[in-house]
Structure formats: C-alpha cells, structure tokens
Amino acid sequence: MTVRKDELGGPGAPSEQETGRRSALRLLGHGVSFVGAQNLGLLAALAVLVTIIRVQSPYIFLTSNLLNIGSAISVLGVLAIVQTVVIISGGLDISVGSAAGLTSVITATALVHVNDLGFGLFAGLGIGLAAGTFNGIVITFGRVNPVIATLATFSGFRGAAELTTNGNSVGVTNSSFNYLGSGRIAGVPVPFVILVGVALVFFVALRYTDIGRNVYALGGNPTAARLAGINVTRYKLGVYMVSGLMAGLAGILLTARTTSGQPISGSQGLELASITAALLGGAALNGGKGTIVGAFLGVTILGVLENGLTLLNVSSFYQDVARGGLLVAAVILQEFNLSGLRLRRGAAAGTGLVGAKQVE
Amino acid sequence: MTTSGEPAGAGGGSPLLELIGISKAFPNVQALDDVTLDLRGGEVLALVGENGAGKSTLLRILEGDYHPDEGELRLRGEKRSFASPREARALGVRVVSQEPEIVPDVSVAENIFVGELPRRLGRFFDRRALLRQTRGLLERFGFATDLDPGASGRSLNAAQRQLVEILRALRPGVSVIAFDEPTSSLTAQEADRLFGIVRRLADDGVAVVYVSHRMREVLHLADRIAILRDGKLIAVREAGATSEPDLVRLMVGREISAFFERHHAEDHVAEEAILRVQGISDELLRDVSLELYRGEVVGLAGLVGAGRTELAKALFGERRIERGRILVDGKEVRIRSPRDAIRAGLAFAPEDRKAEALVLVRSVRENVSLAILDRIRRFRFIRGRQETAIVSGLVQSLRVKTPSIAQEVGKLSGGNQQKVVLARWLARHPRVLILDEPTRGIDVGAKAEVYTLVRRLASDGVAVLFISSELPEILGISDRILVMKAGRITGELPGEGTTEEEVLSLAMVEAP
C-alpha cells in the first residue's frame, strides 16, 4: 500500500479515523493513476465538449450515435496509438496514412485474387509490416531523420498505392472480411472492439513491460539509453516496424468499413490527424512522454467533435478549423495544467517516502 | 536574522546592492528564508552552501528571473523591483551562468555581443567593428590565445563556452557581477586567469558575487564569505578569519571526515585482476594497459583532454578500439557496445550526467531500474513490487532527496541526480565501476557521501576506476593513481603519501 502511494504521489493522509473517506480517496487515487493526472484535463475537455453538443442536439447520447462515433474513430484510433508510441520513442511517422492506403488497395486486390479472409489479413498486415520495416531501416541504418524518411515514404507509399490499381478503388465482396468493418459483437461495432484491443495491448506494453520502459528511455535520452545497455538500433527499428504493422491494420479496417480498397480517399490526412490526436493526448515531440490513455482520449475528442459538428449541421470546412483550434488550445492548456498539477503534486508528495514510512 | 550583526567588511565601502529580508518559497521548499545581505563595490563576496541551500535562487533573483515573495532589493540605496532580466541588466547587474547558452552556428564574436551587435546604417550590423571590439575585449582580459573571434559557437569546448559567457557580462556600466561556479569546467591555468579577471573587476569598483563549491578557491579569492544552508543565511565570515573545515562545518551543519581506510597494493599480488586491459589504442588512446583488482579504488588523473574519458568510453564499448584486448577475470571479452560491457560486469557513470546518463523527463524509479529490467522481469513484465523495493531501498540508503520515486529526475538537484545515476549501477551489482568526474557540480555534503559510497563498494569487492580532475579528491580516495597524458598512461603512483605535485608532473610530462 505504501508502494502504491509512492507511485501516485497521492494525498498522503496518515492516521485519520475516517477510513471510509480514505479508501474512497485511495480509489480515486488509483483511478487518477490509471488515467494519468495529466489526462484529467482531457477528460474535462471531453465532458465540456459533450455538454455543449448535448445542449444543441439531443442525438449525441443516442446509443446508435455513440456506437457510430466508436466505429468512426477506430481507424484513426489505431494510428494515433501507434503514432504515440513512435513519438514517445523520439521519432515521428508521417507515412502511416499512406501505408494504410497502400495496405487497403493491396488487401482488396489480394482478396479479388484469393477470396479468403486469412489471405487478405496476411497480405494487409504483411504489407504494413514491410512498409514499416523499410522506414525503420532507412532511419536506423541509413541514419536519416525520421521526419525526412517518413515524409519520403509518405509520398512513395501513396504513389505505390495508386500504381497498384491505377488510381482506382477495388471492391471487396468477402463477407467475413467486411464483417470486420460493419459487424457487431454484443452490439458493439467490430472496428471499435479491435481499437480497444489494440489500445489495451499497447497500454500494457508501455506501462508494465521492460519494452515500454526502454521505449520511453530511448525517446527521453538516446545516449543514456544506450549507456544503460539498451540496444537502441533494435528498438528504433522495432518501433517503426510496429508502426507499419498497425498502419496495415488500419488499412484493413478502412477497407472493411468501406468494402473497397482505396488508394487515397479514406486514408488521406490520417497521418496528420494521428499526430494531432497523439499531441492532443499529451505526447511530447521531444520524446519520452506520452500515454496510450491520452491518445485514446485525444482520438475520442476528435471523434466527438466531428460527430457533434455534423449533428449540428456545421460545414466540414469549419470542422477542420475547429480541430486546429482544439489542438492549439489543448496544448496551451496542458502546459498550464501540468505546471499547476506539478505544484500540487509536489506539495502533496512531501509526504511521499517519508510519510509512507510513518504509515507502516 | 542570525547575521545582521556581522561587522562591516574590510572593503568598507558603502553597500552597492542590498538584499533585505528576502524570502522565496516554492511548493514543498522554502528556497530562501529572510536573507539579508549587502554587496559592496570593490569587494568579492563568495556565496557557499550545499546544493539546494538557496544559492541559485538568490542568483535568479539578482538576474530578475525570480521575484522574492518578501523583502526588497536596493541598488545604491534606491529600492528597485528587478522585475525582469532586462531590467536587471539595465541596472548593471549581470549573472554569469554555469551552463552558458551558446548559439552553435554563429561566431564567437556574435555570441559575445548577442543582443548588442554594433550597427551602422540603421539595422545593418558592422562585422568589422564587431571583430575589433571582440579582439579588444579578449586582449584586455588576456584571452586572445584562447578564443578565436571568428570561430563558430559549435566548435567551442566547455572552457571556451564559459569564457564566452564571462565576456558577455564584462560590459561598460556593469556594477554587480555574479559568477555561478565559473571554474567547474576550466583548467587550472584558465581558472587562474579567471581569478585575475575577478580581482580586476573588484578593483574597478564592481561588486562581485562568487558562487563556488571549491573552498580553496573561495578562501583565496573572496573578501567575505556568506554561508547559506536550507535557504537561511547561516553566517558571513571574513575570508581571513575562517578556514576550509570551518566553512564546511557551517555549510553542512556537521563534521565531515575526508579520510578513508585504504586498501594495500600488496594484498592482491596473487589474485587475478578483475579487469585487465592490454595495449588498447584508437585515434586518441596510445597503447593503454592497466589492471583493476578486486576491492580497490584506482584514481585516473590527468589534464583535460588527456584521454581519460575516452579510455572509460573505450572500456565501456562506447568508443571503437583499434587494437588491444580487454580481459575480465582472465578471460578475453569482446566489448563492442555498452550492452556487452554491462554483460561483462562493467558499469559506467559518465561525466555529463544530464546529457549521457539520465532520462530527465522520466521518474526516479524508471531511471534507477533502467539497467536491471532484464533481471526483474518475468515474461517481459516488470515485477512492480520488486522494482519498488529495490528503488526505494537505494533511494533511502543513498539518501536521495526526492519527494517520491515517481518524481521526474530533471527536477532533482545535481547531487541527487548523481546519486540516481549511482543507484542505477549499484542496483546492477557490477564487478567494475567506472566513475567519470562523479563529484562535478555537486555540493560538499553529497561529495562526502559519494566518497563513502565508493569506499564501501570497494570493501564489498567492486573494482572502482575513479576519474577526476580534482587532485585532492583523487589523492584522498585512491589506493593507486594512474596518470594519463596525451592518450598514454604516463605513470602509476601509490594513493598514500603522494603529493599533488607528483601527479601533476606526470600529467604534464612531455610525451617521449
């Protein structure tokens, strides 16, 4: 118990009778720790956003609408999560959207030739992984700055996607594949289930495994990471491979949702949207900082914003403006919020180690 | 207010700048607590204290960067707000930073005159006047051979960067200059010239504030010495009326022993060396051989640039060696990366802990456990309890001052950051520990703790290679001393009974 308190830096309250209140506080503390104190602002922003939309339109809370949002954010969500990992590692992957587009047309084309779910998935994920591996090799062994490398493949993958089908879209008729896009599990859209699954895997990996720790260390200070015995090259390569793999998954979801392989439409702009969501979620471009919960909330906010503005019949041109405004506002607020929280946590933390010992 | 009764200093001049009842609090810490101090023109006032004593906060207030919660500043008797760095500068108050900001892609001259470039014809800047002024400045203070006005900021070493920062402050109209540990990256000769500058500024009537951890320097240079501890002004002493032990006692609030039980060289005649290095060479190192035995501390001395850090990095796989062999326990090991070195039982705490050792944006916990994750995981999952137990244990036994192990390392003081680096390697239980300037920039109290720790590790059987530029430290802690010069080991001396002169003469011998 003392252990947890250290971690939380939560309210250290020695010897009080109101055990009930304390356990409630502790529960709250656990909740805060799970979400991450820095993400509380995001939750608040989401609440405000939902409230504003609710006042204008009653439809936001309809189950069907909520499920719609869940399904709509799944493609971007997968990319935002992996983009967060790349940003934590101190890099950036601008090619994820193009890689998703490439995956989309190749998966669709593969399914046209061999109408089998497994083969389609294999082709899609394989192409994504190959794209990511290429990025990783250029960045690690070619020693190219990740922004430049993935800017190049951003263009390259897109071109390859268009070349594959001569710029056309390819219809997919495999119903089990399309189930991935439009099916429901216990009423919940399959894409959203997949997104939650992906989020959970990355959450656990970043938070509870040595791999996650090493990724944070790599992004926070690559020299220190190397001198602490981390194989920096392998980790960097791995991060971009995983990024490609998840871009492949996003491409598959995209294909299944639209039942067609799309070289560009559908995936265009996803790279910047994923970066937006990651930054909204508190990832720092300097590396070493960022959380999956943050990324998830970031994507949710973007999804709710888009949905709400659509419900309110606002032109999509304004939606773009709103998204930009939101990012700027969020990042500025996070700066304030963080420094505020830091102060309070610092004050409470005075009881940290010492206080914890007293409790024992 | 323990000190207001101190007699006026030998300089005797009227106070140029008065700090009256200055207090400044941060969450969880009272950085300054009712400090009253006067700075007099023509006088060098040294400011000493452990890290976290409030010296930096005081400098930041002088700089106009922080504003006191209580108290006021009076310049020549007039109350001034010091509301911004710009205002502080306009009042003639300058602080020479310990870690100067140097623009890498412009010249030394532009770096010195940044913000005040000579201009003509409106906004066009006058390169010739700039170079002329820079040369004049360099010659006036005797640094003409150390700095090329046209060299780019990127090409400067630590000492040169410090010089640029000092020269920035030497402007006409300056009335108060504060130096924040200016000699920590300077060689002895450079430091001597700096002392010359400091004296000269004082002779010109400037009030000099001099912050340093080096007691000898302070005693040699200052007229008065102000001692801070935990934000309070403990005492102000005349330099002539105090001594090193006296100052240390005031700073720390307790006595510190500088004597250690040493190991004796003959103990390990029959033993196999833990680490045996045979004739390693690269572009800088020349045929370096050495042995480290169980339980000894070997000091590695030499001037800046002698190749000590390079040797450490070569041993640790961070530099490629061209020739030579490294043997651990008599068996040759191939060390091609730090990872290999760690596997072979080596550990290395580099000189620049912020740039090379610490992940500043991550927690104490994550920094301490970084090198042992492979030992405390199960199916790649970190055993949280075991990790907490190890980290908390080390944090307590090394007395790392941190509110919790979740604290970001970047927010700790220098000494505590260094302890985090040491904790990382202690957790690993290495056989050989290489420490590169482990006490640079940390306060006397933390230094003493590092020494005790090093000796304790040695008595537990670890072989320690201790690199330092501070000779008293090397002489005080080492069982044996190796001296390097120009990439070679020029000699070995016993730790006991060796004088600084003997070490220096080996460090400066002409290469054969």
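Residue indices follow the written sequence of each chain, beginning from 1 at its first position. Ligands are numbered from 1 and chains lettered from A, in the order in which they are written. Confidence filtering applies because this is a predicted model: local features only for residues at pLDDT of at least 70, side-chain atom pairs given and counted only at 80 or more, and all residues used for totals across whole chains, interfaces and linings.

(A) Expanded view of the overall build of chain A. Starting at the N terminus, helices and strands are each numbered in turn, a helix being any DSSP run of H or I of at least four residues and a strand any DSSP run of E of at least two. Looking only at helices and strands, chain A features 17 helices and 4 strands. Exposure classes come from backbone-placed C-beta atoms, where a residue is buried if 20 or more other C-beta atoms lie within 10 Å of its own, exposed if 12 or fewer do, and partly exposed in between. Taking all 360 residues of chain A together, the buried fraction comes to 49%. A pair of residues counts as a contact when their C-beta atoms, built from backbone coordinates, are separated by no more than 7 Å. When contacts within chain A are restricted to residue pairs at least 6 apart in sequence, those whose partners lie at least 24 apart make up 78%.

(B) Region of the structure containing the sheet that holds strand 3 (residues 44-48) of chain B. Residues and elements named next belong to chain B. Spatially, the 6 strands line up as an open sheet ordered 6-9-10-3-11-12, and their pairing is mixed. The sheet is open, and its two borders are formed by strand 6 (93-96) and strand 12 (232-238), each paired with just one other strand. Neighbouring strand axes in the sheet, compared pairwise and without regard to direction, differ in orientation by 20° on average. Looking at chain direction, strand 6 and strand 9 (residues 176-180) are connected through 4 bridges and run parallel. When the sheet's bridge partners are listed, Val-95 is paired in strand 9 with Ala-178. Axes here mean lines fitted to C-alpha atoms, for a helix over just the part in contact, with angles spanning 0 to 180 degrees between N-to-C directions. Lying over the sheet, helix 8 (residues 244-252) contacts strand 3, strand 11 (224-229) and strand 12, oriented at roughly 30° with respect to strand 11. Strand pairing requires that DSSP identify at least two bridges connecting the strands.

(C) Broad picture of unusual backbone geometry. All names here are of chain B. With a phi angle near 45°, Glu-181 is a residue other than glycine that sits in the positive phi range. Within the secondary structure, Glu-181 sits in the loop between strand 9 and helix 6 (188-203). Take Glu-181: there are 21 C-beta atoms within 10 Å of it, and that puts it in the buried class. Of note, the phi angle at Asp-230 is positive, near 50°, even though the residue is not glycine. Mapped onto the secondary structure, Asp-230 falls in the loop between strand 11 and strand 12.

(D) Quick peek at the sheet that holds strand 17 (residues 331-332) of chain B. Residues and elements named next belong to chain B. The 4 strands are arranged 14-13-16-17 in an open sheet whose pairing can be described as antiparallel. Only two strands of the sheet have a single partner each, and these edge strands are strand 14 (288-292) and strand 17. As paired elements, strand 13 (residues 275-281) and strand 14 share 4 bridges and run antiparallel to each other. Among the inter-strand pairings, Ile-280 is bridged to a residue of strand 14, identified as Val-288.

(E) Region of the structure containing the packing of helix 6 (residues 96-113) of chain A against helix 7 (residues 117-140) of chain A. Residues and elements named next belong to chain A. Two numbers describe how helix 6 lies on helix 7: the axes approach to 8 Å, and their chain directions differ by 150°. In this view, helix 6 runs roughly antiparallel relative to helix 7, as classed from their interaxial angle. Note on packing geometry: the crossing formed by helix 6 with helix 7 is right-handed. Of the residues in helix 7, those touching helix 6 at Ala-99, Leu-102, Thr-103, Ile-106, Thr-107, Ala-110 and Leu-111 are Phe-119, Gly-120, Ala-123, Gly-124, Ile-127, Gly-128 and Ala-131. Side-chain classes follow a simple rule in which Ala, Val, Leu, Ile, Met, Phe, Trp, Tyr, Cys and Pro form the nonpolar group, Asp, Glu, Lys and Arg form the charged group, and the remainder, Gly included, forms the polar group. In terms of residue class, the contact of helix 6 with helix 7 is built from 9 nonpolar, 5 polar and no charged. Roughly parallel means an angle under 35 degrees; roughly antiparallel means over 145; roughly perpendicular covers 65 to 115; every other angle is labelled oblique. Here a crossing is taken to be left-handed if its near helix is turned anticlockwise relative to the far helix by less than a right angle, and right-handed if that turn runs clockwise.

(F) View of helix 8 of chain B. Buried within helix 8 of chain B we find B:Leu247, B:Val248 and B:Met251. Seen from one end, helix 8 of chain B has its buried residues packed into an arc of 95°, which puts them on one side. Taken from the helix axis, the directions to the C-beta atoms give the arc we talk about.

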